[in-house]
Amino acid sequence: MRLFFICSLALLTLNLPAQKLPCAKAGSQTLSLMTGEWNITATDRTSPGNYEENKGKSTITWGISGCSLHEVYQGIFKSHDYAVEYVTYLSDSLSTQRTFFDSEHSNIMVFTGEISEKSILNYWYRDPEKKRMQVKNEIRFINKNSFENISHLSTDYGKTWQLTHKWVYYKHR
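Thresholds applied
Residues numbered from 1 in each chain as written. Predicted model: local features only at pLDDT ≥ 70, side-chain atom pairs only at ≥ 80, totals over all residues. Heavy atoms only, no water. Helix = DSSP H or I, 4+ residues; strand = E, 2+ residues; numbered from the N terminus. Buried < 20%, exposed > 50% of the residue type's maximum accessible area, 1.4 Å probe, protein only. Contact = heavy atoms within 4.5 Å. Areas by Shrake-Rupley, 256 points an atom, 1.4 Å probe, with all protein chains shown as cover. Pairing = 2+ DSSP bridges. Patch = residues over 30% accessible without salt bridge, like charges linked within 9 Å, V, L, I, M, F, W, Y side chains within 5 Å. Salt bridge = Lys/Arg side-chain N within 4 Å of Asp/Glu carboxyl O. Axes fitted to C-alpha atoms, helices over the stretch in contact; angles between N-to-C directions.

Trainee: Could you clarify how one ought to interpret the overall build of the protein chain in this entry?
Mentor: Along the protein chain, the regular secondary structure elements total 2 helices and 10 strands. Starting at the N terminus and ending at the C terminus, the protein chain contains elements arranged as α-α-β-β-β-β-β-β-β-β-β-β. Out of the 173 residues in the protein chain, the part that is buried amounts to 40%. When contacts within the protein chain are restricted to residue pairs at least 6 apart in sequence, long-range pairs at least 24 apart make up 38% of them. Carbon together with sulfur atoms contributes 57% to the accessible area of the protein chain, which is approximately 10500 Å² in total.

Trainee: Mind showing me how you'd approach the pairing of strand β10 (residues 162-171) here?
Mentor: Each regular strand carries side chains that alternate between the two faces of the sheet. Here strand β1 (residues 36-47) runs beside β10; their pairing, made up of 7 bridges, is antiparallel. Its bridge partner being in β10, I40 is matched across the sheet by Y169. By the bridge criterion, 8 bridges tie strand β9 (residues 146-154) to β10 in an arrangement that is antiparallel. Note on β10: the bridge partner recorded for S151 is H165.

Trainee: What is the right way to look at a nonpolar patch on the surface in this model?
Mentor: A cluster of nonpolar side chains, contributed by F101, I108 and V110, occupies part of the molecular surface with about 270 Å² of accessible area. Looking at where F101 falls in the secondary structure, it is placed in strand β5 (residues 95-102).

Trainee: I would appreciate a short explanation of the sheet that holds strand β3 (residues 68-77) in the present structure.
Mentor: Working definition: the strands of a sheet are paired by backbone hydrogen bonds and lie parallel or antiparallel to each other. Read around the closed barrel, 10 strands run β1-β2-β3-β4-β5-β6-β7-β8-β9-β10, paired in antiparallel fashion. Strand-to-strand, the axes of this sheet are offset by a mean angle of 20°, without reference to chain direction. Direction of pairing for β5 relative to strand β6 (residues 109-115): antiparallel, over a ladder of 6 bridges. Opposite S95, over in β6, you have E114 as the bridge partner.

It is worth stressing that arrangement in space is one thing and function is another; only the former is reported here.
Here is the structure:
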């Protein structure tokens, strides 16, 4: 009897509708494309004009379902262990905020941006009033099993850009 009750409760739970939170908006569907476990091939800038090829793994999960994502990347950079944490927030229907923290620099960057049909574009400014130094971070969706995370740096008010990272994600599972 006890087993019957547990099985019945489990079946009822499976049939419950998913919770719709107020922060889940139109952009939630786009964010859902990023969830999962990923193998990554990385092109990373080691100094101006110099790049290295690396590999890593990333796990992306919902923080608050439909509203925020949490990513933890583990890989190699400059021949040593390297880790990155991204948290992406849906702050309005198609507006985003994204935090970045890595083991190389140990400082947090807060980006703001927008979701479009096939990408998410965010900017960080060292001084938001001047905008002389800025970083552009773009997620480009290739298909349901792959996307790119590309970052560029500008030190001249966004007139010219240098690639700093290009990570290509391939679905692991």
